[in-house]
Every structure is written in C-alpha cells, then in structure tokens.
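Fold and geometry: a report
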Amino acid sequence: NHPGFVPMGLAIIGVLLVRRPGLGLAVGAVVSALLCMGPEIYLNRVESLGPNPIFVLFQTMWPGFDLVQNLERMQVGLSLCVALLAAMGLGGMVRLWQPSIWSQKGLSTLVVGLVVTEANWGTGLGFPLPPANAEISPLYDELLDQEGEFGIIELPINHGGAGQPYWNQVRHGRPLPLSL
C-alpha cells in the first residue's frame, strides 16, 4: 500500500518547513516503513540487501514482537506519520504564502480532491467504495451441518475482498486459521 505521491510531497514540505516535530515524524515514518519490510530487505523478490536492522532490533528488544504475523499492520505508523507531516506541510505553505481565507479554503479543497482522486486511481476502488458482496454460498450451509471440529481455509485467499472469509464465517461458524 502506497500512501500516495500528493501526501508524500506534502510530507516532504512538512519536514522542510516545520523542522523540529517534522524530523521526529519523519524518523517515525522511516522506522515504520522498515518494520513493514520484515526481517530482510529485498531489492526485488529475489535479491536480498541483507537483514533489516530495525526489524532485528525490535525482535530482540520487544518481548512478544515475534507474535506479529501480518507486517502490513506496521503500515499504520507510516500512514499516520505521513498524514501528520502532509497536514503540517499544507499548514506551513499557508503560513508562508498567507493567502486570503477564500484562497485557503480553495487550496484545502484542491488538496483533498487530489488526495482522494489519487487514492481512487491508485487502488482501483470505486468511489466512495464498491458495495461488498453479501451473498453466502450454500456450501457454507453444508459445512455448518457437518459433525466434528475443523477449521476452514478458503483458497484462493484473495477472492471477494479481505473480509469475505469472515462474512462467510457468520454462516458456517467454524474457526479460520489466520496464517498458514
């Protein structure tokens, strides 16, 4: 997941215009980005650049860090830092230029429109979002009626969106393994 070029550009402006808190948030963004990469940093899917020192440091110093199974969750810190830096960048630009109140509102509306448009094009999602598929296959009724304790692994794992297996679980009531 990419935060987008507009927020990244505004975040860079935020670091340049608002130095002290900007640098702290920039460090937080870099640490979060490195944590998202996992124990090895790859140039591509084959060539490793070596071990990720930040990830290894967190693994050794933070008890229970090995329990984190989905590294994409670390992107929350990156997204938060980039969003705050982008807001600081836009605020710094407004303070620097000192436009009229109507120009400030226009600039803010333009930036929000650019961020939403870029996010919509980058993800391929419809705007605001496409409706989720609420249909549940009759197969899950058959699984509900089967005896014994067993879990369900749905393959392929990317069909129907990230929440579809959980929606199906409402019908069949069986456990879902979260990692293989």
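Residues numbered from 1 in each chain as written. Predicted model: local features only at pLDDT ≥ 70, side-chain atom pairs only at ≥ 80, totals over all residues. Heavy atoms only, no water.

**Thoughts on the overall build of the protein**
Note the following rule: Working definition: helices are DSSP H or I runs of at least four residues, strands are E runs of at least two. Numbering for both runs from the N terminus. Buried, partly exposed and exposed residues are distinguished by accessible area as a fraction of the type maximum, computed with a 1.4 Å probe on protein chains only: under 20%, between the cut-offs, and over 50%, respectively. The contact definition used throughout considers only heavy atoms, calling two residues in contact when any of these lie within 4.5 Å. All accessible-area figures derive from a Shrake-Rupley calculation using a 1.4 Å probe, and residue coverage is judged against the displayed protein chains alone.
Helix and strand counts for the protein stand at seven helices and two strands. Going through the 180 residues of the protein one by one, you find that 25% of them count as buried. Sequence separation of at least 24 residues holds for 59% of the intrachain contacts in the protein that already meet a minimum separation of 6. Counting only carbon and sulfur atoms, one obtains 66% of the accessible surface of the protein, whose full area is about 12900 Å².

**What to know about the nonpolar core**
The condition that has to hold: Side-chain atoms within 4.5 Å link the members of a nonpolar core, which is a set of buried Ala, Val, Leu, Ile, Met, Phe, Trp, Tyr and Cys residues.
If you look at the biggest cluster of nonpolar residues, it comprises ten residues: Ala11, Val15, Val18, Leu25, Ala29, Leu78, Cys81, Val82, Leu85 and Met88. Those elements that place two or more of their residues in this core are helix 1 (5-17), helix 2 (19-36) and helix 4 (75-97). Of the residues forming this core, the biggest block, five residues, is contributed by helix 4. The contact partners of Val18, leaving out residues within four places of it in the chain, are Leu23, Met88 and Arg95. Listed in part, the seven residues of the second largest apolar core include Leu10, Ala86, Leu90 and Leu107.

**Quick notes on the packing of aromatic side chains**
Using the following cut-off: Side-chain rings of Phe, Tyr and Trp (the six-membered ring for Trp) are treated as a pair once their centres are within 6.5 Å; stacked means planes under 30 degrees apart, edge-to-face means over 60, and tilted covers the remaining angles. When the NZ atom of lysine or the CZ atom of arginine is within 6 Å of a ring's centre and also within 35 degrees of its normal, the charge is said to sit over that ring.
Scanning the entire structure with this criterion turns up four aromatic pairs. These aromatic residues form a ring-pair network of at least three members: Phe55, Phe58, Trp62 and Phe65. Across from the ring centre of Trp102, 4.6 Å away, lies the NZ or CZ of Lys105, which sits over that ring.

**Some details on the side chain of Ser32**
Counting through the fold element by element, Ser32 comes out in helix 2. Of the residues examined, Ser32 reaches a relative accessible area of 11% and is grouped as buried.

All quantities given are derived from atomic positions and should not be read as evidence of function.
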